[in-house]
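# Reading the structure
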Protein chains: 4
Amino acid sequence: MTASSRPARPAILGPNQYGKAENRVVKITRDGATHHIKDLNVSVSLSGDMDEVHYFGSNANVLPTDTTKNTVYAFAKEYGIESAEQFGIHLARHFVTSQEPIKTARIRIEEYAWERIETSDAGSGSTGGADEARHSFVRKGQETRLTQITYDGETWEVISGLKDLVVMNSTNSEFWGYVKDKYTTLPEAYDRILATEVSGRWRFNWTGDEQKMPDWEKSYDQVRKHMLQAFAETYSLSLQQTLYQMGSRIIENRGEIDEVRFSLPNKHHFLVDLKPFGLENDTADGAVYFAADRPYGLIEATILRDGAEPRIPVDMTNL
Amino acid sequence: MTASSRPARPAILGPNQYGKAENRVVKITRDGATHHIKDLNVSVSLSGDMDEVHYFGSNANVLPTDTTKNTVYAFAKEYGIESAEQFGIHLARHFVTSQEPIKTARIRIEEYAWERIETSDAGSGSTGGADEARHSFVRKGQETRLTQITYDGETWEVISGLKDLVVMNSTNSEFWGYVKDKYTTLPEAYDRILATEVSGRWRFNWTGDEQKMPDWEKSYDQVRKHMLQAFAETYSLSLQQTLYQMGSRIIENRGEIDEVRFSLPNKHHFLVDLKPFGLENDTADGAVYFAADRPYGLIEATILRDGAEPRIPVDMTNL
Amino acid sequence: MTASSRPARPAILGPNQYGKAENRVVKITRDGATHHIKDLNVSVSLSGDMDEVHYFGSNANVLPTDTTKNTVYAFAKEYGIESAEQFGIHLARHFVTSQEPIKTARIRIEEYAWERIETSDAGSGSTGGADEARHSFVRKGQETRLTQITYDGETWEVISGLKDLVVMNSTNSEFWGYVKDKYTTLPEAYDRILATEVSGRWRFNWTGDEQKMPDWEKSYDQVRKHMLQAFAETYSLSLQQTLYQMGSRIIENRGEIDEVRFSLPNKHHFLVDLKPFGLENDTADGAVYFAADRPYGLIEATILRDGAEPRIPVDMTNL
Amino acid sequence: MTASSRPARPAILGPNQYGKAENRVVKITRDGATHHIKDLNVSVSLSGDMDEVHYFGSNANVLPTDTTKNTVYAFAKEYGIESAEQFGIHLARHFVTSQEPIKTARIRIEEYAWERIETSDAGSGSTGGADEARHSFVRKGQETRLTQITYDGETWEVISGLKDLVVMNSTNSEFWGYVKDKYTTLPEAYDRILATEVSGRWRFNWTGDEQKMPDWEKSYDQVRKHMLQAFAETYSLSLQQTLYQMGSRIIENRGEIDEVRFSLPNKHHFLVDLKPFGLENDTADGAVYFAADRPYGLIEATILRDGAEPRIPVDMTNL
């Protein structure tokens, strides 16, 4: 836009984006009597030459958000959903290459996992047997898988991750040797519960169409496995230490990933004081804890492959 | 209370109850290096001779809600938590038998399931091996298990259940042959997705201390299994039919249960019309669906063992 | 249904209902440049001769839930929305009188209030002045108004209410003189915060078309006012006492109402112990409190006009 | 930290922060019988020399999150809460200046507004009159006020804002003249509802202790007023245009603010097609709308004072 095309006002347009958020798309694939399911929540965000619509309400450069929604559903049929990442790549490429005013597309996807329902050996007579039940699912309900694809016409950025994965070590966690100021009352702990709700994101070093694309499904499974094992196998002196172990285990084992960021709320489990009732409550004997909601410690950090630059936003929680 | 002890006002006290809700208690049991976890949310509700406190603010008959909270934690240590049901029975008996003014106790419990984290074969060197990791858990995150124990000093009522269990059949569901009035526009469906979020409650016929108590843990697992199998194995002509099959399968297979009630939202998955984009979207080929939030069909019914009386409240959702 | 028409199985159908829940309907009424808004969430639940659909999947008696949704929108246009109660009465009457198998209809409605945005005196030039802005609203965001209409073809039951109304007295609340058992550790309080999130329901004594219908809008405003004033003006020795005062004030002032039920969580505000930091924290000087989430006391009771029977369900919270 | 102090591993620590989130603090101030309330949710986040704790679990530089919680409550008593911004400034300055390893503090605060309950003229006899009721409040329940204070020992950054403010224009909104590609099916609209749930943040140009500090309370009220008036008074051709008007009105009227960012979901209200039921549903006569949940258009942009740099993060929603 030329300078003359904006209003003679002190307020100018800065960074902006728009699109349709939370398109809930379910794709069933039939392989004979065996069905497969992909269950996604897709959010499209586009940016580019959008001065006119903000300053004057001219929609000449605006592809409607309704159209971006339609595109999500049409692409699910045309291309299928091989993985959330691959699906997002299809969509981002389409918007940037098909619409001249659109310079960058960012696709965010949540994926919900489903498991098959195990049916009885013989089925229930006339209503069918085990074969027919290959179309029956129960939502896994554990973590939500995430990905964010950003494309500017040349370079790809893929950040995948998960949220809402709650984990606990019932021992092998201590916390002592910390700074004590006039507001410090916390007693040191030598055997405590360490629990958190993992929110993690990891950035792939795949950035260009000329590079070999990662196996997105396998990568997710492996990252998740290493992360959980690092959590379980770390004797923890602080949640920060555990966080670093989780991130470094991923960096060391998964060459396709250069950066990991975690936001780990410390889900406090407080030992209940049962002395007033004549009861001991020692951790060594198996103890009773109060699981607190708020406030909670919040530990956030990025772990990088040596030489990589941090690109995952510092704040994954809302401003 | 004598009639003279209430104020000379037109408004009188009706049914009432009080207690401490949502006591979050986690109990760890240590079996050598192997830990076990019980993770509950316990709500206590008491009723009895409570006219004075309502009419005049006299707390002479009121055991504080804070005390009921303390009791929950103390009992978790004294008796352990064998099952949510057994724990609730301990608590209900205590309040009714130890406090003269308390005539009835009702204990509601939510239980969250945890799975063990599988650790790597060799552990991570100095921080331990597989043995040590028997204290590491990930929250299962699927349904929430429920129970409600009511005791009036003589008779027990145990209603257990679950909520938030999302299930789907991607085929074997039809809906046609229904009433059509002037406001009917719905086309008949011969191959649709049937999905719901199961909220179920089931009442045990165990009511007295002289009867053999059910195996609460086994019962839950079996009810859940039969319910899921009935959902998967029913070729459905309506969600009502599926609901009846789920309930009757439980009644037929679990002699300890006399009544089941389900509240089943029909989680609509609408076939997307892709014709404007030149695409077919037939269920037979694997289709693309829009997963809708609101509104939703809501199907609720009680299934009874022949001869049993319905006692589970009709409305499990909020008034 | 004749006995022969049910399957030869041990499980029989008990109480049941079905319909479309959470139909979000917004009705704008234009009075020249001044617009009015009604913003409702309508849930329809029907019951009647529904054995066939549960036992055999025959939908011959089933008016689709989709049709009930269409009816909600069509009636909003045909009859307008004078009040949530009046709108629910139109709907309930329609379903029971137009569909022979439907014996009872229950309509639940949530209503969200909006306020007008005050505009500047002169407007903003070409985009209009104060007149034009009579179509601009901000959602009030305080309580959600509720009603439930039940009709069986002869008798009406109307229960209205509200939820999510958070109130606080920062003094004039005490709690002492309660029962102390071995699990009691709570210190007595002579000046505490009393806060709750009001969930209330009240039943009208209007039950038949031959009676004069209440002014639903005025009734709601008056009930709300009396309830809030009773909360504010009661010097409280227990939340139960405050609850009774709130209910009795309604019964005494509103002749159209025979029964009130409240579910009042005690939103605990704990005085923070600041002694370790050399600070007093006395209520008399203005104190600092920790606002806790869980657990919370929960006080529930019905207040009745003398001679009336309790009909509002004891449990307004989920089973 | 010297290079030798980190482990010989490929993964290095990047940006990190830690603290206690969601400290719920309520401060009552007594002015005779008239009480005042400040109700905040305070989150503390600190960063600095934290390599050792991540790499080795040494807490020697770690002020416990529990201590930061204690500090919040102690400061509420010591300094009172004049405004959320002023309170955050006290806290941030304390952490950075009192702890050598802490280089930056970020304080986020949510504030919940309360209104006084209007009491009856005469009170209720012995339980008090209007004077006593100056301690009775009802939570306003509209928007949540926000602020974020960041301090690095030299420079202040204050970003305030709000969320959850739902607004609607029932007319004076159009949408047409947009791009049409093969996936476009949306019909043009010449009279539609425009509704959104405002999430806004604005950055102050106050950055140093030598500058005069803004009047935080007055600023908030004025920004909110201008924003609402701009929404109401704009004849809208696109939500982007309305967004720009809202931002520019703030920039033009409030000299203390250099940058505004909005995230505006387009809360779609779809005209219901009532033709199948023989009904017209024209906007000019007052129409019936379906208020949709998902998907929704999402419009996000920054409005800057000419010459200012954008510093508010582009993504206020979760990654």
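The text that follows walks through the structure, step by step, so that each part is easy to find. Keep in mind that this is a model prediction, so the values were computed, not measured. (Residues numbered from 1 in each chain as written. Chains lettered and ligands numbered in written order. Predicted model: local features only at pLDDT ≥ 70, side-chain atom pairs only at ≥ 80, totals over all residues. Heavy atoms only, no water.)

Moving on, we come to the overall build of chain A. Along chain A, the regular secondary structure elements total 5 helices and 13 strands. Dimensions along the principal axes, computed over C-alpha positions, put chain A at roughly 75 × 70 × 40 Å. Taking all 319 residues of chain A together, the buried fraction comes to 65%. Within chain A, contacts between residues at least 6 apart in sequence are counted, and of these 67% link residues at least 24 apart. Per element, the accessible surface of chain A, about 11300 Å² overall, is 47% carbon and sulfur. Of the charged side chains in chain A, 36 are positive and 47 negative; the average position of the first set lies 3 Å away from that of the second. (Helix = DSSP H or I, 4+ residues; strand = E, 2+ residues; numbered from the N terminus. Buried < 20%, exposed > 50% of the residue type's maximum accessible area, 1.4 Å probe, protein only. Contact = heavy atoms within 4.5 Å. Areas by Shrake-Rupley, 256 points an atom, 1.4 Å probe, with all protein chains shown as cover. Lys, Arg positive; Asp, Glu negative; His and termini not counted. Charge placed at Lys NZ, Arg CZ, Asp CG, Glu CD.)

Glancing now at the relation of the copies chain D and chain A. Rotating chain D by 180° about the axis while translating it 0.0 Å along that axis superimposes it on chain A, leaving an RMSD of 0.0 Å. This pairing of chains is accounted for by a two-fold axis. Most of the interface of chain D is mirrored in chain A, where 100% of its interface residues are also at the interface. (Least-squares fit on C-alpha atoms with pLDDT ≥ 70 in both.)

Right, let's get into the relation of the copies chain C and chain B. Laying chain C over chain B is done by rotating through 180° and shifting 0.0 Å along the axis; what remains is an RMSD of 0.0 Å. Take the interface residues of chain C: 100% of them recur as interface residues in chain B, which is what a same-surface contact looks like.

Residues and elements named next belong to chain B. At a closest axis distance of 10 Å, the pairing of helix α2 (residues 65–79) and helix α3 (residues 84–98) adopts a crossing angle of 125°. When the axis of α2 is compared with that of α3, the two are oblique. Helix-helix and strand crossings are classified by hand; for α2 and α3 the assignment is right-handed. Facing α2, whose interface residues are T68, T71, V72, F75, A76 and Y79, α3 presents F87, H90, L91, H94 and F95. Of the residues that constitute the contact of α2 with α3, the class distribution is 7 nonpolar, 4 polar and no charged. (Axes fitted to C-alpha atoms, helices over the stretch in contact; angles between N-to-C directions. Parallel < 35°, antiparallel > 145°, perpendicular 65-115°, else oblique. Left-handed = near helix turned anticlockwise from the far one by under 90°. Nonpolar A, V, L, I, M, F, W, Y, C, P; charged D, E, K, R; others polar.)

Turning our eyes to something else, we now look at the interface of chain D and chain A. The partner chain A presents 92 residues to the 92 residues of chain D that form the contact. Regarding the contact of chain D and chain A, the summed buried area is about 7900 Å², with carbon and sulfur atoms giving 51% of it. Across the chain D-chain A interface, the total number found is 8 salt bridges. Across the pair D315 of chain D and R108 of chain A runs a salt bridge whose closest N-O atoms are separated by 3.3 Å. (Buried area = accessible area lost by both parts, 1.4 Å probe. Salt bridge = Lys/Arg side-chain N within 4 Å of Asp/Glu carboxyl O.)

What describes a pair of aromatic rings is the distance from one ring centre to the other and the angle between the planes of the rings. Tallied over the full model, the rule gives 52 aromatic pairs over all chains. Centroid distance F75 of chain C to Y79 of chain C: 4.9 Å. Interplanar angle 65°. Geometry classified as edge-to-face. Here F75 of chain C and its partner Y79 of chain C are both found in helix α2 (residues 65–79), 4 residues apart, which amounts to about one turn of the helix. Looking at Y79 of chain C, the relative accessible area reads 45%, which means it is partly exposed. Pairwise contacts between aromatic rings join Y151, W156, F204, W206 and W216 of chain A into one cluster. Here R145 of chain B stacks its cationic end above the ring of Y220 of chain B, 4.5 Å away from the centre of that ring. Just above the ring of Y151 of chain C sits the side chain of R93 of chain C; from NZ or CZ to the centre is 6.0 Å. (Phe/Tyr/Trp six-rings, centres within 6.5 Å; stacked < 30°, edge-to-face > 60°. Lys NZ or Arg CZ within 6 Å of the ring centre and 35° of its normal.)

A word on unusual backbone geometry. Cis geometry marks the peptide bond from R294 of chain B to P295 of chain B, where omega comes out at -10°. Note on placement: P295 of chain B falls in the loop between β12 (288–291) and β13 (296–305). With a phi angle near 60°, E22 of chain A is a residue other than glycine that sits in the positive phi range. Structurally, E22 of chain A can be placed in the loop between β1 (11–21) and β2 (23–31). Phi is positive for D164 of chain A, which is not a glycine, with a value near 70°.

As a further point, take the interface of chain C and chain B. On the chain B side, the residues contacting the 92 residues of chain C number 92 residues. For the pair chain C and chain B, the summed buried surface comes to about 7900 Å²; carbon and sulfur atoms form 51% of the total. Our enumeration of links across chain C and chain B arrives at 8 salt bridges. Taken together, chain C and chain B are joined by 54 residue pairs in polar contact (both at pLDDT 80 or more). For the side of chain C that touches chain B, the leading source of residues is strand β1 (residues 11–21) of chain C, giving 11 residues. Residues belonging to the side of chain C that touches chain B are distributed by class as follows: 41 nonpolar, 31 polar and 20 charged. Bridge count between strand β1 (residues 11–21) of chain B and strand β13 (residues 296–305) of chain C: 9 bridges; the pairing is antiparallel. Each residue of the ladder has a partner; that of K20 of chain B, found in β13 of chain C, is G297 of chain C. (Polar contact = N/O pair within 3.5 Å; in protein donor to acceptor, adjacent residues only side chain to side chain. Pairing = 2+ DSSP bridges.)

This next bit is on the side chain of R224 of chain A. Residues and elements named next belong to chain A. Note that R224 resides in helix α4 (residues 216–233). Side-chain polar atoms of R224 contact the side chain of E143, separated by 2.7 Å. Those residues in contact with R224 that sit more than four places away from it in its chain are K140, Q142, E143, L162 and L165.

The next subject is the pairing of strand β7 (residues 144–151) of chain D. Two faces, one strand: in a regular strand the side chains alternate between the faces of the sheet. All names here are of chain D. Burial of β7 is extensive: 8 of the 8 residues sit out of reach of the surface. Judged by which residues are buried, β7 turns out to be covered on both faces: T144, L146, Q148 and T150 on one side and R145, T147, I149 and Y151 on the other are all buried. Taken together, the 7 bridges between strand β4 (residues 102–111) and β7 define a ladder with antiparallel strand orientation. Of the residues in β7, the one forming a bridge with E111 is R145. The hairpin formed by β7 and strand β8 (residues 156–169) contains 4 residues between the paired strands, and G153 there has a positive phi angle of roughly 95°.

Turning our attention to the environment of T67 of chain B. Mapped onto the elements of the fold, T67 of chain B is located in helix α2. What makes T67 of chain B buried here is its relative accessible area of 0%. Put simply, T67 of chain B and T97 of chain B are 30 residues apart on the chain and 15 Å apart in space, counted from C-alpha to C-alpha. Not counting the four nearest positions on each side in its chain, T67 of chain B is found in contact with D181, Y183 and T184 of chain C.

This brings us to the side chain of S173 of chain A. By the element assignment, S173 of chain A lies in the loop between β8 (156–169) and β9 (194–204). Setting aside residues up to four positions removed in sequence, S173 of chain A forms contacts with Y190, D191, R192, L194 and S236 of chain A.

Residue and element names in this part refer to chain A. Here the structure, examined in full by the defined rule, presents 97 salt bridges over all chains. Here R311 makes a salt bridge to E157, at a shortest N to O gap of 3.1 Å. On the criterion of sequence distance, the pair formed by R311 in the segment after β13 (296–305) and E157 in strand β8 is long-range, its members being 154 residues apart. Residue classification places E157 among the buried residues on the basis of a relative accessible area of 13%. The structure contains a network of salt bridges with shared partners spanning K38, E85, E111, R145 and E217.

Between its first and last C-alpha, α2 of chain C extends 21 Å over 15 residues, near the 21 Å set by a 1.5 Å rise per residue. All of the buried residues in α2 of chain C are T65, D66, T67, T68, N70, T71, V72, Y73, A74, F75 and A76 of chain C. Close packing links the buried residues of α2 of chain C with β13 of chain B, β1, β2 (23–31), β3 (34–48) and α3 (84–98) of chain C together with β12 (288–291) of chain D. Downstream of α2 of chain C by a residue or two, G80 of chain C has a phi angle that is positive, lying close to 70°. (Expected span 1.5 Å × (residues − 1).)

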